[in-house]
Amino acid sequence: MKKSTATDQHDTYDVETDIQSKVTSSPSRAHLQLAIDGMTCQACATRVEKVLNKKPAIHKVSVSFAGETANVDYDPEQTTPEQVTEWVSKTGFVAHLQAGDSLFAQTDEDTATEYPWRLIGLWICLLPFLVGMAGMLTGFGMAWMPPVWVQFVIATLVQFGLALPFYKSAWASIKGGLANMDVLVVIGTLTIWAYSTYLWLTYGDGTLSSLLQGGHAAGHDNSPAVYFEAGVMIIAFVRMGKYLEERTKKHSLNSIDLLLSLTPNDVEQQQPNGDFHQVALQDVEIGDILRAKQGSRVATDGTVIDGDGWCVESHLTGESVPLKKAMGDTLLAGALVENGSLLYRVNAKGSETKLGDMVQALSDAQGSKADLARLADKVTAVFVPVVVAIALVTFALTWWLTGATDTALMHAVSVLVIACPCALGLATPAAIMAGMGVAARHGVWFKDAQSLEAAGDIDTVVLDKTGTLTVGRPTIVDHIMVDKSLAVDDVLQIAASVEVHASHPLATALINTAKARNLSLMHVNDIKVVKGAGIQANIDGLGLVKVGTVEFSNLTLPKIMPKAWRIASTVAISVNDVPLGAFALADVLKADTPQAIAALQDAGVNIVLMSGDKQSVVDHVADQLGIKQAYGKMSPRDKASQIAKLQTAGHKVAMAGDGVNDAPAMATADASFAMFEGTDVAQHSASARLMGESLMHIDAAQKVAEATLRNIKQNLFFAFIYNCLGIPLAAFGFLNPMIAAAAMALSSISVLMNALRLTGFKTEVVLDNAVSATHDETSHLPNR
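Predicted model only: the values in this text are computed from it and were never measured.

## Things to note about the packing of helix α17 (residues 488-499) against helix α18 (residues 505-516)
Running from amino to carboxyl end, α17 crosses α18 at an angle of 125 degrees, the nearest separation of the two axes being 9 Å. Considered as vectors, α17 and α18 are oriented oblique to each other. Here the hand of the crossing between α17 and α18 comes out left-handed. Contacts between α17 and α18 pair L492, A495, A496 and E499 from the former with A507, L510, I511, T513 and A514 from the latter.

Here you go:
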């Protein structure tokens, strides 16, 4: 049995005036995104946050180690972007302001193609040691190992030359008040180098001849037991891990580069004489005329002025069905021209396009932090000091128990090297980056990481009706006149003249019908919106006109009405509180609404329908879709209150809607989705925007978010278990420093590889873009 509610003071008719639709932001708050180079672990990101958060001009800052970005909200009256960049630089990192035209702010070619000479040099230096260790494994003992003096030269070159970035990063982190992973690497390898150098220099009689003769060549078994190879191998393995980690973050996990590649570098521009020339996209100006041929991509947002064809806009909407484009239609940057040839006028380019907006939104979202990441932040903040303390205790206990300094030192170094805060720091942001990209591919733009995290926990979805479940384009299916002598067109003309100042789908239906009947609209003044009821205005010569619910217009309908009235929305009209008549308007369900509802229910999600429409209409829609909980005559406040009750009962609730009247409920819900082309207020209130009209995007959002949360938890579990097992094993001598270094490098890579699995995640989004504009009067109806 369906649950229903009714209110005494509010009904179905919620509208928005032109003035109300405008949303302004505070002039004392500005947003800035920085690209940060040089971060080596989560402690680096935490240090930048700590420094910036101390500045009075900074409202909020979120630094992503995985994305190597910083999202900063600041007071433009107190500071400038250049000053913020300088503050970051003082922490030891290099910060770059994002280019104004974000669509062209692609990775610098020099950085992207930089050859890893330092890494190659490290492995060349490691090669003699690998040959020596191969001899040990094949029974030749130390015969293949280079002389000790050669080992010293190689190790010194590596330690104070090729490993210099580790020292710079470690020193910068210490100055910033937070020790990072590089501090552990520097302490461990420098200790090995210093101890081995001491043993070598004190070997024999201390003369140069004895130092040069000592070596691991055949017959030199009396050589000092040095460990130069361990330090070189640790640095080589860690650097290799960092290199692979960096490439994975910047290329495989980063969906932004894929979006940026959707626009061509060169375009065909029409010249004044009508000819077409190839020009660089950066040189194109607003108003230019471009040509997109079959198989090419649209370079900018624009309007078709000639030609026709079919375009795929799946990069923005997630819908792979081609869309017919002809004169007057809108083109979106990045769309693939599957068939035909189009001539279009440029309306927006670069960061001003819808694709540019998506790039910026995705970049901001990937740089935000999920609540789960805060656990890792707390751990990494104290991780390095705790590990150093454990290493010191390990050295002391091992030396006390064994009396062997070299054994105690190797155990302590193994503890330092195997400890990896990077895996903890990457666990959440790496999965968030991948999940955001997958969601965008499915036509869902999450506002930030917290929004994605919340969507992954939902067990209840509350849906509005008009424009969400239905097409949102109701038509008049019947009418009733109080005075039979009144002409229907006269009443329609009066209603449309007032409704032209509203933005509700029912208002649009009346206006469109009036235009189709060539009815001229009258001048109105003193416009006033009554939320949940309707809209009123004065018309010269008539008086006060009210258009909205039957109660608002002082109309009493007969108890027995045709079926169309029981399952349709009603708009009543009165003049000076004297009712003139009413119109019945019906809507149709979106083509894939039943499929989307079934998919969500199959996933264990409870569906609740809340509408401002009358209960009979809401029940009719719920019956068709198999929704068990349907609430009618809900005001915006009622919707928000009902969602709060669901949350009190322990449910995680998501709300999907498209109108102003949905905004309070969307703000109350744990997660919220603004439907495609919803009002500005709805999109501002929502935690995610759906870039297609299909409800299947909600199913995709829920499944992608759930998969991302699952991936985050897997990463965190692995990172914690790795350190909890690895550090004790190293302390008890089961892992030597070389194995510990390899394991530490692999730990970060394994977390990234697990996050990378998300990029292949797919969910069925079956869409029908060819929804008929013809409305079956017995099928579906309007709501708000």
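## Thoughts on the sheet that holds strand β4 (residues 94-97)
Ordered by their spatial adjacency, 4 strands build an open sheet running β2-β3-β1-β4, and the pairing between neighbours is antiparallel. The outermost strands of the open sheet, each flanked by one partner alone, are β2 (58-64) and β4. The sheet shows a mean angle of 25 degrees between the axes of neighbouring strands, taken without regard to direction. Where β2 lies against strand β3 (residues 69-74), 6 bridges are found, and the strand directions are antiparallel. Bridge pairing links V61 to V72 in β3.

## A closer look at the nonpolar core
I36 and V72 are the most contacted members of the largest nonpolar core, which has 85 residues in total. Contacts of I36, omitting those with residues within four sequence positions, involve V48, V63, E68, A70, V88, F93 and V94. Core analysis: the second largest hydrophobic core is formed by 48 residues, V461, V605, A630 and A656 among them.

## Brief notes about a nonpolar patch on the surface
A cluster of nonpolar side chains, F717, I721, L725, L729, F732 and F734, forms an exposed patch at the surface whose accessible area comes to about 690 Å². Its place among the elements puts F717 in helix α25 (residues 696-731). Among the residues examined, F717 registers a relative accessible area of 57% and is labelled exposed.

## Remarks on the sheet that holds strand β13 (residues 460-463)
Taking strand neighbours across the sheet as the criterion, the 7 strands line up as β12-β24-β23-β22-β13-β20-β21 in an open arrangement whose pairing is mixed. Here the strands that pair on one side only, and so sit at the sheet edges, are β12 (444-446) and β21 (629-631). Ignoring which end each strand starts from, the neighbouring axes of this sheet average 20 degrees apart. In this structure, β13 lies alongside strand β22 (residues 653-657), joined through 4 bridges in parallel fashion.

Conventions used here
- Residues numbered from 1 in each chain as written.
- Predicted model: local features only at pLDDT ≥ 70, side-chain atom pairs only at ≥ 80, totals over all residues.
- Heavy atoms only, no water.
- Axes fitted to C-alpha atoms, helices over the stretch in contact; angles between N-to-C directions.
- Helix = DSSP H or I, 4+ residues; strand = E, 2+ residues; numbered from the N terminus.
- Parallel < 35°, antiparallel > 145°, perpendicular 65-115°, else oblique.
- Left-handed = near helix turned anticlockwise from the far one by under 90°.
- Contact = heavy atoms within 4.5 Å.
- Pairing = 2+ DSSP bridges.
- Core = buried A, V, L, I, M, F, W, Y, C linked by side-chain atoms within 4.5 Å.
- Buried < 20%, exposed > 50% of the residue type's maximum accessible area, 1.4 Å probe, protein only.
- Patch = residues over 30% accessible without salt bridge, like charges linked within 9 Å, V, L, I, M, F, W, Y side chains within 5 Å.
- Areas by Shrake-Rupley, 256 points an atom, 1.4 Å probe, with all protein chains shown as cover.
- Salt bridge = Lys/Arg side-chain N within 4 Å of Asp/Glu carboxyl O.

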